Amino acid sequence: MTVLERLHMPSLGGATEWLNSEPLGPAELRRHVVLVNFWTLTCINWLRQEPYVRAWSQAYRNDGLVVIGVHTPEFSFEHEIDRVRPAITARGIDYPVAVDNDYEIWSAFDNHYWPALYFVDADGIIRDHHFGEGRYEQSERVIQRLLGIERELVPVEGLGVEAEADWDHLRTPETYLGYGRSEHFASPDDAAFDERRAYELPESLRFNHWALAGEWTIGSESVVLDQAGGSIAYRFHARDAHLVLSPGAREPIPFRVLLDGEAPGPSHGVDVDENGNGLLRDGRLYQLVREQDAVRERTLEITFLEPGAEAYVFTFG
């Protein structure tokens, strides 16, 4: 394969399903500028990028831009198409989405990141790419250059979970809970893998560490609650705290969030009320905390009132 051949946009033929569109191939995309956006529905970095991609699709589609979202799942439950459709509706996505459950498009692009943007010219050549959040002005200028136009940039404001992170005060990293990638587990007894065990919270939780209380099974990609009343605690420093959750095959699971042992009040996230109450209904990212006062070190504790809750990863903003 030559360098020039590698620069051509790979086939999208590996999609297992298309949403918002019939399958798109070279014939349908000929003479169009194409923006390919790899995403997965639980990714906070994609959620914060999505308002820009959505705005670009709407602003430039009449100029010849085609935005294609490629949903490549990170966690097992994200393979379920009935999880992807509500995510598309919730985010107001009206552009085509290729469902990449077999990772064939991901592999064809040799992609390694969520989110990822690939900018393709009207001849089908990849002219630029960007991984992760940010660089929005430059990315929009790339789109304009490929379209042969120049105009004012589209105004974008992310709301709710789509709001830009408070980078100046973000001191806690993304933290996976399943043993395949977990770090900083702080319950007093050692973790047991793939078996039910009772855990306790430590007397004092260290900064950027997490712990379990109650009966849980720690699996490779998630921790699963085996008995009602189990909790997860995390000591963090950030404006926003999120947790990727799924109810598994169960009915909706009520939960309660405490901040430093009290109801969050005005610092509740969009998925929690002022008293800390929330409902785990769908597999997705839940915003538990959005600080309204000065950002400082806090302890978050989430307690599930029914068994079956699956927790995957904490993210912060």
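Preceding block: the structure.
Owing to the predicted nature of the structure, the values given are computational and were not obtained by experimental measurement.

Asker: Quick question: what am I supposed to make of the sheet that holds strand 4 (residues 97-99) here?
Answerer: Working definition: the strands of a sheet are paired by backbone hydrogen bonds and lie parallel or antiparallel to each other. The mixed open sheet is built from six strands, whose spatial order is 1-4-3-2-5-6. Only two strands of the sheet have a single partner each, and these edge strands are strand 1 (17-19) and strand 6 (126-131). Neighbour-to-neighbour, the strand axes of the sheet open up by a mean angle of 20°, direction not taken into account. Direction of pairing for strand 1 relative to strand 4: antiparallel, over a ladder of three bridges. Its bridge partner lying in strand 4, leucine 19 is registered against valine 97. Running over the sheet, helix 3 (residues 44-60) touches strand 2 (33-39), strand 3 (65-71) and strand 5 (116-120) and is turned about 160° from strand 2. The strands touched by helix 6 (residues 136-147) are strand 2, strand 3, strand 5 and strand 6; relative to strand 5, the strand with the most contacts, the crossing angle is about 20°.

Asker: When you look at the pattern of salt bridges in this model, what are you seeing that I'm missing?
Answerer: Applying the stated criterion across every chain, the model contains 20 salt bridges. The shortest N-O distance in the salt bridge between arginine 135 and aspartate 128 comes to 3.1 Å. Put simply, arginine 239 and aspartate 240 hold a salt bridge, and the shortest N to O gap is 2.7 Å. Owing to a relative accessible area of 17%, arginine 239 belongs among the buried residues under this scheme. Aspartate 240 sits in the buried class, given a relative accessible area of 2%.

Definitions and cut-offs
- Residues numbered from 1 in each chain as written.
- Predicted model: local features only at pLDDT ≥ 70, side-chain atom pairs only at ≥ 80, totals over all residues.
- Heavy atoms only, no water.
- Pairing = 2+ DSSP bridges.
- Helix = DSSP H or I, 4+ residues; strand = E, 2+ residues; numbered from the N terminus.
- Axes fitted to C-alpha atoms, helices over the stretch in contact; angles between N-to-C directions.
- Contact = heavy atoms within 4.5 Å.
- Salt bridge = Lys/Arg side-chain N within 4 Å of Asp/Glu carboxyl O.
- Buried < 20%, exposed > 50% of the residue type's maximum accessible area, 1.4 Å probe, protein only.

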